[in-house]
Structure formats: structure tokens, C-alpha cells
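Each chain, letter by letter, is given below.
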Amino acid sequence: MKRDNDFVKAKIISIGDELLIGQVVNTNAAWIGNILTTNGIEVVSTLTIGDGEQDIIDALDACSDVEIIAITGGLGPTADDITKPTLCKYFDTELEFCQDAYDNVMSIFARRGFPMTERNRGQAYVPKACKYIPNRYGTAPCMWFEKGKSVYISMPGVPFEMKNVFQQEILPRLLEHFNVTPYINRVVMTTGVGESFLADAIQEWENALPDFLSLAYLPQYGIVRLRLEGRHPDREFLRQTIDNEIDKLEKIIGEYIFGYDDKPIAEVVLEMLKASGMTLATAESCTGGTIAKMLTAIPGSSEVFKGTVVSYATAVKEEVLGVNNDDVERYSVVSQQVAEQMATGVKALLKTDYAVATTGVAGPGGGTEENPVGTVWIAVADPVGVSSKKYNFGKDRENNIERAAISALEMLRNIVKNNR
């Protein structure tokens, strides 16, 4: 029978000493949080704990005030995997042999051509109080417990196994079990503007949002994402309201918006060039191939992106891209003249319609009085000419590289847009 809840809430428990010491990055919690949220279930907290019985029991107690408790980890066949016996203790039950679980383990070993061991046979024992949920991607069983208003789901910690069983088996059961208030979010992608400036520019709009909508600012290197989200019993009304509010937002900050719903700026640029039948090359010095990496991460990018020259050394700039040595001596490699010659050089070399070039001082060393750390020149060559811009990003190397790459793509996006 479905339970009626205006807002179904969830907590996530990740079990494993390897997570606590940083040996393994806990990607499971982030993934589960995203899936639950996009399906209308509000995640209120996540806990990461070690492989200790009392730690697990304390975490379960701390999470008993919500409807859904999602647990990952500690279900392997080795001695340090104690989640199952601890769940037996918590739910006052005992392990029993489960034929379905055993058949699943047998089929997995048969597919892999390995003999079944007694240790792995133990994977077929599950607590009597649970509903067994098949995990067709591994030997660790998934288990569903109910206690009071709460549902506890225990899943393997291996991300590949957990993601598949969660999407195929667990999420449909949760949505069947609970009446979930519809949730929708849209993400507006902006660049070329700071978070504080955006907040000032859209303050009046933000203050006028309906009370069932909320806005979150999500800054990263060179980009600020604006997530507009809400819950409402009428899904279609909610969707239309969010769309109407984004239409209003576009009228205020449209010049800074490059895309929506977490679409990378590289993908936006590639789509624009593809639509125009244009091709692209890059020449990278301080960004070291980062722009090329961002572009080639997009499926189908080869239709537009022809290649790159990572001209880190001055000799490569001169011998491969045709940068004038006299200009290097007179203006330095971090200059408008060099950036523009790099862009036109790689455009001619790879025979493309557009080219982007970067040259700068990423840091932490190498800065001068004229070009301190964080100075970057970016140039874009298009079918009719070349343009360039100087940036001053800061002292952090990683930040400088990422911001330079994003700024280069944004500069290219604006030029392509204006050339249409």
C-alpha cells in the first residue's frame, strides 16, 4: 500500500573504512542523491561511516526519522563486510538461506567460468526480516527492510552494481511504495560574469519567485550555474511556471547564458559550428590541451574539431605555428601578437574555419612585472580575421588553466554567434 507523504525524505549511509581515509572517493552518495532528487525525493543528509557494528547501528538510528534510508557498502564475502549481520542485530532477526540469491550467485559464477566457493555461497544468506532484491551484476544481495514509516535499502558498494540495481529494481519499488510530490529543476548555465554580479542583477526576479520555487547558485571555474527547482502536486503547472520564470530570466541576463541543464560549453560551441558547417582547431600553450580535451569529450566532435597543437615550447610556436621570432623577442610569448599568430597559424595548418589559441602564465612560477601569474592572452581566428583578449585570472595554476579554457570557448561562442 502506498504511503502518503507531501515530501518524501531520504538519508544516505555509505559504509567503508576506505571512504573515510580517502582511499576511495565516495561517488555513490552523490549519484544516489541526484537520482532521488530528480525523482522528487528530498535528500536531507548523507553519512559516511567505517566498517564497525556500532557505527552502523548509530547511523541507522540517526536516520530513522525519514522515509527512505539508502545504504551502500559492507556486503562482500570477506570478514570485514559486516553489514548483513549488523542489520540482523538492528532488525532483531537472523540470516537464512535464500534460494533466489543462491541461484543468482551460481549464474554469475557460471557466466564467468569460476567455481563456486563456500565463502561465496555465504552471499546467499540474507536476513529473514528483509525482502530480497536481485543484484544481477554481482554476488552481493540487495535487501529491503521496513520499520515504522521507514524503508531501509541495503545495496552493494561497487558503483557499477549499485547503479544498475538501483535504477532497475529499487527506484521503481520506491516510487510504487510512496506517493511522491512531483519535482522539477532547470539549470541555467552562465559565464563571463561573477556570482555576486548575477545575484545583484536578478535580485528583484528572485524575490518575486513563487513560494514553491527556489534558486541555488552553483559557481565553478569560469561558470555560474543557476538551478531553479520546485515541488508541486500539479506537475504540468510546475513545469509551465519554471519555464515562464526562465523566460523572464533570459530577458535580464541573456547575454551571459550559454546553455541549459548542465550542457557543457564545449558541446554548445560544437553544435553551433556544426549547424554552420564550420570546423575548428586549437593551439594551446598555458592550457596544455585542456580545450581539446573538453571538445573531444563530446561524442561526435570529430565532425567539427580537427585537432590541436600543444605548443608549450617557444620553438613549437615558431617552427610549427609560424609565430614570428622577432615578435617573441619584442613582445614575449605571452602577448597579443603571439596569441593571434598562434590562432592564424593553426587555422592554416589544419585548414579549418575557426581556431582558438591560448598563451599565458599558469603559475605558480614564471610571472613577470608585465605578465604576472594568471595573465592569459586568448585569440580566436575566424573566416575573416582574428581577435584577441587579455585576461588576469589569479595565482592558482589549476584555476587559471580551467578558467582560460572556459573563457576561450566562451569567446569563440560569442564570435560564432555574431558571425551567423
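It should be noted that the structure appears before, not after, this text.
Below, the structure is looked at part by part. (Residues numbered from 1 in each chain as written. Predicted model: local features only at pLDDT ≥ 70, side-chain atom pairs only at ≥ 80, totals over all residues. Heavy atoms only, no water.)

1. A look at unusual backbone geometry
Argument step 1. The omega torsion of the bond from G363 to P364 falls at 5 degrees, within 30 degrees of zero and hence cis.
Argument step 2. Within the secondary structure, P364 is located in the loop between β17 (354–360) and β18 (375–382).
Argument step 3. Phi is positive for D261, which is not a glycine, with a value near 55 degrees. (Helix = DSSP H or I, 4+ residues; strand = E, 2+ residues; numbered from the N terminus.)

2. Some thoughts on the sheet that holds strand β13 (residues 223–231)
Argument step 1. One open sheet holds the four strands; their spatial order is β12-β13-β11-β14, and the pairing between them is antiparallel. Strands with a single pairing partner mark the edges of an open sheet, and in this sheet they are β12 (213–220) and β14 (257–260). With direction set aside, neighbouring strand axes in the sheet form an average angle of 20 degrees.
Argument step 2. Here strand β11 (residues 183–191) pairs with β13 via nine bridges, running antiparallel. (Pairing = 2+ DSSP bridges. Axes fitted to C-alpha atoms, helices over the stretch in contact; angles between N-to-C directions.)

3. Considerations on the packing of helix α3 (residues 53–62) against helix α4 (residues 83–90)
Argument step 1. At their nearest, the axes of α3 and α4 sit 10 Å apart, and the two run at 55 degrees to each other. With respect to α4, the axis of α3 lies oblique. The two elements α3 and α4 cross, and the hand of that crossing is right-handed. Between α3 and α4, the contacting residues are E53, I56, I57, L60 and D61 on the first element and T83, T86, L87, K89 and Y90 on the second.
Argument step 2. Class assignment of the residues belonging to the contact of α3 with α4 gives a composition of five nonpolar, two polar and three charged. (Parallel < 35°, antiparallel > 145°, perpendicular 65-115°, else oblique. Left-handed = near helix turned anticlockwise from the far one by under 90°. Contact = heavy atoms within 4.5 Å. Nonpolar A, V, L, I, M, F, W, Y, C, P; charged D, E, K, R; others polar.)

4. Comments concerning helix α11 (residues 265–276)
Argument step 1. Under the 1.5 Å per step criterion, the end-to-end length of α11 is 17 Å for twelve residues, consistent within 8% with the ideal 16 Å.
Argument step 2. Among all positions in α11, only I265, A266, V268, V269, L270, M272 and L273 are buried.
Argument step 3. Positive backbone phi, at 70 degrees, marks G277, one or two positions downstream of α11. (Expected span 1.5 Å × (residues − 1). Buried < 20%, exposed > 50% of the residue type's maximum accessible area, 1.4 Å probe, protein only.)

5. Concerning the sheet that holds strand β19 (residues 385–392)
Argument step 1. If you walk across this open sheet you meet the five strands as β16-β15-β17-β18-β19, and the pairing is mixed. Each edge of the open sheet is held by one strand with a lone partner, namely β16 (305–310) and β19. Across this sheet, the average inter-strand angle for adjacent strands is 15 degrees, counted without regard to direction.
Argument step 2. Taken together, the six bridges between β17 and β18 define a ladder with antiparallel strand orientation. In the strand pairing of β18, T359 is matched with W377.

6. Some details on the nonpolar core
Argument step 1. Counting 35 residues, the largest nonpolar core has L273, L280, L295, Y354, V356 and L412 as its most contacted members.
Argument step 2. Of all the secondary-structure elements, those providing two or more residues to this core are β11, α11, α12 (290–296), β17, β18 and α16 (397–419). (Core = buried A, V, L, I, M, F, W, Y, C linked by side-chain atoms within 4.5 Å.)

7. Considerations on the pattern of salt bridges
As a working rule, side chains carrying opposite charge can pair if their charged atoms are close by.
Argument step 1. Counted according to the given criterion, the structure contains 18 salt bridges.
Argument step 2. For K9, the salt bridge is made with E42, and the minimal N-O distance between the two is 3.9 Å. Here K9 is found in strand β2 (residues 9–15), whereas its partner E42 is found in strand β3 (residues 42–49), with 33 residues between them in sequence.
Argument step 3. Its relative accessible area of 30% is what places K9 among the partly exposed residues.
Argument step 4. The partly exposed category is assigned to E42, whose relative accessible area is 28%.
Argument step 5. For R239, the salt bridge goes to E236, with nearest N and O atoms at 2.3 Å. One end of the pair, R239, and the other, E236, are both in helix α10 (residues 235–253), three residues apart, so they sit about a helical turn from each other.
Argument step 6. E236 sits in the partly exposed class, given a relative accessible area of 39%.
Argument step 7. Counted as one network, the salt bridges with shared partners bring together R186, E236, R239, D243 and D261. (Salt bridge = Lys/Arg side-chain N within 4 Å of Asp/Glu carboxyl O.)

8. Here we look at a negative patch on the surface
Argument step 1. Taken together, D17, D55, D58, D61 and D80 make up a surface patch of like negative charges.
Argument step 2. No other element matches α3, which puts three residues into the negative patch.
Argument step 3. Take D61: its relative accessible area is 42%, and that puts it in the partly exposed class. (Patch = residues over 30% accessible without salt bridge, like charges linked within 9 Å, V, L, I, M, F, W, Y side chains within 5 Å. Areas by Shrake-Rupley, 256 points an atom, 1.4 Å probe, with all protein chains shown as cover. Lys, Arg positive; Asp, Glu negative; His and termini not counted. Charge placed at Lys NZ, Arg CZ, Asp CG, Glu CD.)

9. Let's talk about helix α15 (residues 336–350)
Argument step 1. With 15 residues, α15 should reach 21 Å at 1.5 Å per residue; the first-to-last C-alpha distance of 21 Å fits that figure.
Argument step 2. When α15 is considered as a whole, its buried residues turn out to be V338, A339, E340, Q341, M342, A343, G345 and V346.
Argument step 3. Downstream of α15 by a residue or two, K351 has a phi angle that is positive, lying close to 55 degrees.

10. Side note on the packing of helix α2 (residues 27–38) against helix α7 (residues 159–177)
Argument step 1. Close contact between α2 and α7 brings their axes to 11 Å; oriented N to C, the two are set at 25 degrees. Comparing their axes, α7 and α2 come out roughly parallel. As α2 runs across α7, the sense of the crossing is right-handed. In contact with T27, N28, W31, I32, I35 and L36 of α2, α7 contributes P159, M162, K163, F166, Q167, L171 and L174.
Argument step 2. The class makeup of the residues in the contact of α2 with α7 is nine nonpolar, three polar and one charged.

11. Describing the packing of aromatic side chains
Argument step 1. Counting across every chain of the model gives eleven aromatic pairs.
Argument step 2. Aromatic pair F97 and Y125: ring centres 5.5 Å apart, planes at 70 degrees, arrangement edge-to-face. A residue pair is termed long-range when its members are at least 10 positions apart, and F97 in strand β5 (residues 95–97) and Y125 in strand β6 (residues 125–127) qualify at 28 residues.
Argument step 3. The exposure class of F97 is partly exposed, given its relative accessible area of 29%.
Argument step 4. Of the residues examined, Y125 reaches a relative accessible area of 29% and is grouped as partly exposed.
Argument step 5. Just above the ring of Y90 sits the side chain of K147; from NZ or CZ to the centre is 4.2 Å. (Phe/Tyr/Trp six-rings, centres within 6.5 Å; stacked < 30°, edge-to-face > 60°. Lys NZ or Arg CZ within 6 Å of the ring centre and 35° of its normal.)

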